[in-house]
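Working through the structure, step by step
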Amino acid sequence: MIAAAPGTTAAATADAVGTVGSGAELVLFWTVGPLMVVAALALLFARKPVHAAVGLIFVMIGMAVLYTALEAPFLGVAQVVVYTGAIMILFVFVLMLVGVDAADSVAETISGQRWIAVLLGLGLAAVLAGVVITATLPDAVGLEAANERTNPVGVAYEIFGRTVFTLELVGVLLITAALGAITLTHKERLAAVRDQKATVRLRQRAYARGEGSQVLTPAPAPGVYALSNAADLPALDPQGRPIDVSVPRVLRIRGQERDPGTVEGHVAQIASGSFVRPDAPDAPDGPDQPHGDEEQR
Amino acid sequence: MSLVHYLVLSGVLFSIGAITVLVRRNAILAFMGVELMLNSCNLALVAFSRIHGTLTGQVMAFYVMVVAAAEVVVGLAIIVSIYRARRTVSVDEPSLLKG
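Residues numbered from 1 in each chain as written. Chains lettered and ligands numbered in written order. Predicted model: local features only at pLDDT ≥ 70, side-chain atom pairs only at ≥ 80, totals over all residues. Heavy atoms only, no water.

**What about the UniProt feature "transmembrane region" (unreviewed entry) in chain B?**
Per the UniProt entry, the sites bearing "transmembrane region" (unreviewed entry) are residues 6-23, 28-48 and 60-83 of chain B in this numbering. Regarding residues 6-23 of chain B, the helix share stands at 100% and the strand share at 0%, and the terminal C-alpha atoms are separated by 26 Å. (UniProt positions renumbered as here; feature names shortened; annotations may be inferred. Helix = DSSP H or I, 4+ residues; strand = E, 2+ residues; numbered from the N terminus.)

**Some points on the pattern of salt bridges**
Within the structure shown, the criterion is met by five salt bridges over all chains. Between E71 of chain A and R50 of chain B there is a salt bridge, with the nearest N and O atoms lying 2.8 Å from each other. Here E71 of chain A, found in the loop between α3 (49-69) and α4 (73-98), pairs with R50 of chain B, found in helix α2 (residues 27-52), and the two come from separate chains. Taking relative accessible area as the criterion, R50 of chain B reaches 4% and is therefore assigned buried. A salt bridge links R258 of chain A to D232 of chain A, with the shortest nitrogen-to-oxygen separation between them at 3.2 Å. One end of the pair, R258 of chain A, is in the loop between α9 (249-254) and α10 (266-272); the other, D232 of chain A, is in the loop between α8 (196-209) and β1 (235-236), and 26 residues separate them in sequence. (Salt bridge = Lys/Arg side-chain N within 4 Å of Asp/Glu carboxyl O. Buried < 20%, exposed > 50% of the residue type's maximum accessible area, 1.4 Å probe, protein only.)

**Some details on the side chain of S15 of chain B**
With respect to the helices, strands and loops of the structure, S15 of chain B is situated in helix α1 (residues 4-23). In contact with S15 of chain B, not counting residues within four places along its chain, are G121, L124, A125 and L128 of chain A. (Contact = heavy atoms within 4.5 Å.)

**Concerning helix α2 (residues 24-45) of chain A**
End to end, α2 of chain A covers 32 Å across 22 residues, agreeing with the expected 32 Å (1.5 Å per residue, within 8%). Of all the residues in α2 of chain A, the buried ones are E25, F29, V32, G33, M36, A39, A40, L43 and L44 of chain A. End-on view of α2 of chain A: buried residues confined to an arc of 165 degrees, all on one side of the axis. Projecting away from the buried face of α2 of chain A at angles above 90 degrees are the exposed residues V27, W30, V38 and F45 of chain A. Contacts from the buried residues of α2 of chain A go to α3 of chain A together with α1 and α2 of chain B. (Expected span 1.5 Å × (residues − 1). Arc of directions from axis to C-beta.)

**Describing unusual backbone geometry**
Residue and element names in this part refer to chain A. Of note in this structure, E71 is not a glycine but carries a positive phi near 60 degrees. The backbone of T150 sits at a positive phi, close to 65 degrees, despite the residue not being glycine. Position of T150 relative to the elements: it lies in the loop between α5 (113-134) and α6 (151-162).

Structure, rendered in structure tokens:
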């Protein structure tokens, strides 16, 4: 920010409120930052990969908050959309695919690898923090001038202006990555596809052998058309008798099949025989119904 | 006031990511460590962008994000195909390239 004019304490305090990286922003940082470190430690200590994934999602959202505090609202939104919205969902999907309960093995293939790795990591942290703290960084300028036409517009001018060729290369990279993912996860088909023709042929063969269904035609559809077409209501044959196989097998097993006599109006009349009922040719006692292919139901 | 605290946080997160890659055997977890390292670099880039008062750092962070997305897609595809072939996601098991 602009340095406070010397001698004017009122201007200095007013300026200190707007100074880059002070006041409320520091409070925000010291609230979000430690929580992010704790959540990131879940990567190291969580037994189940899902817990680590949740920790990482927390870190990503904290990142988005910090970006917004750092005067980069566009990147904050992109962080939420790209990382928490797409990448972490991809991680969780793969975790589900691979098996959520796939626990990490504790056995060490290289003896002492764990401790050496932790030591090296802590050393790396010490070196990085030491470099950053001892370096003499200039006072932050702030992005007020660069964000004059709002941050997304400024970033857009940079991306589509100075780095437009990079953007095109990135587009090529994304297409290549998508193709690579498709190629890598492509699965060879082990058995031939069973299309409609093959299904019909198999059913005919089963019929010829006397196995499978008793008829070749599909089972009658449930419901009395124009009166009731609910699936739990059996179709009626020309004599008004219910055809049991027209009701789906699951409903029949559960006993949820309806009696046509209980349906209001014409259906009950037809079922009771008081409506139109042509004489059945030497009607047997039990309804002579075809048994459709029950596999279909 | 400089923005040292953001850079220190970035360094700490980067180290946690690095330790994760070195310690964890589950390939997906190691991969998450890589993601954490990329994210911490982004944080440093955005902080530097603010220190210098230009948007270049933010644009670089944006490109890092896009490349990370592409990398995640390919990496997870590799993990899935290894899992299909060997029924494991442990990074110790596949030793085909040992020779």
